[in-house]
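One-letter residues, chain by chain:
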Amino acid sequence: MHILIVASRLENKDRLLSVLDGLPVTTCAVPKIEQAIEVLSSSPIDLIFCEERVTDGFYGELLAAVDRQNLMIRFVLILCTGKWEECIEAMRLGVTDVLQTPLEPSDINLTLVRTMRDKNYANRAFHESPGSALETLAPEYAGGIGELRMLIRRPTA
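Conventions and cut-offs
- Residues numbered from 1 in each chain as written.
- Predicted model: local features only at pLDDT ≥ 70, side-chain atom pairs only at ≥ 80, totals over all residues.
- Heavy atoms only, no water.
- Helix = DSSP H or I, 4+ residues; strand = E, 2+ residues; numbered from the N terminus.
- Expected span 1.5 Å × (residues − 1).
- Buried < 20%, exposed > 50% of the residue type's maximum accessible area, 1.4 Å probe, protein only.
- Axes fitted to C-alpha atoms, helices over the stretch in contact; angles between N-to-C directions.
- Parallel < 35°, antiparallel > 145°, perpendicular 65-115°, else oblique.
- Left-handed = near helix turned anticlockwise from the far one by under 90°.
- Contact = heavy atoms within 4.5 Å.
- Nonpolar A, V, L, I, M, F, W, Y, C, P; charged D, E, K, R; others polar.
- Salt bridge = Lys/Arg side-chain N within 4 Å of Asp/Glu carboxyl O.

A. Looking closely at helix α5 (residues 105-118). Between the first and last C-alpha of α5 there are 20 Å, a value that for 14 residues agrees with the 20 Å anticipated at 1.5 Å per step. Within the span of α5, buried status applies to Pro105, Ile108, Asn109, Thr111, Leu112, Val113, Thr115 and Met116.

B. Region of the structure containing the packing of helix α2 (residues 33-42) against helix α3 (residues 59-68). Axis separation between α2 and α3 bottoms out at 10 Å; the angle between their running directions is 15°. Judged by the inter-axis angle, α2 sits roughly parallel to α3. For α2 against α3, the interelement crossing comes out right-handed. Together, Ile33, Ala36, Ile37 and Leu40 of α2 and Tyr59, Glu61, Leu62, Ala65 and Val66 of α3 make up the contact between the two elements. Within the contact of α2 with α3, the residues separate by chemical class into 8 nonpolar, no polar and 1 charged.

C. Spatial organisation of the pattern of salt bridges. For the structure shown, the criterion picks out 3 salt bridges. Here arginine 74 ties to aspartate 97 by a salt bridge, and the two come within 2.9 Å at their closest N and O atoms. Within this pair, whereas arginine 74 is found in strand β6 (residues 74-79), its partner aspartate 97 is found in strand β7 (residues 97-100), the two being separated by 23 residues in sequence. Residue aspartate 97 is classed as buried on the basis of its relative accessible area of 11%. Salt-bridge contacts for arginine 114 lead to aspartate 97; the nearest nitrogen and oxygen are separated by 3.5 Å. A residue pair is termed long-range when its members are at least 10 positions apart, and arginine 114 in helix α5 and aspartate 97 in strand β7 qualify at 17 residues.

D. Region of the structure containing unusual backbone geometry. A cis amide bond links threonine 101 with the next residue in sequence, proline 102, at an omega value of 0°. Mapped onto the elements of the fold, proline 102 is located in the loop between β7 and α5. Its identity as a non-glycine residue notwithstanding, asparagine 70 has a phi of 55°, on the positive side. Structurally, the position occupied by asparagine 70 is in the loop between α3 and β6.

Quick look at the structure:
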């Protein structure tokens, strides 16, 4: 999975990179919208984490670039201001998820799992269990989402 991080605040970039460290993902972190648009045009991206405002602009510019290129990319807005009106507007514009700062590892991990499901990386990671009704889905851990879940680390105190 290829992840683009667009963050001008070091604490957000560092938190994302620390959670993603050791996982089977490729990350690219840039502080500007202009650089993010360049990455989009030259690399396959599955997931974008973008702060609402960065050094040279606003998340809407990057979201518009994704739409113009007709890309199916999960777009996660990092809400730094705490204004939920911004969250509602972002969802209306096409943002997939919103994470509020400070970023929590569990929220980031859940976003990764959702992205894998959306991108069909988990096609064969689950199978119908012939057991009881409580065991309708069982992970095979042969790859895909099961493997990622095994690699996701719990935060330490």
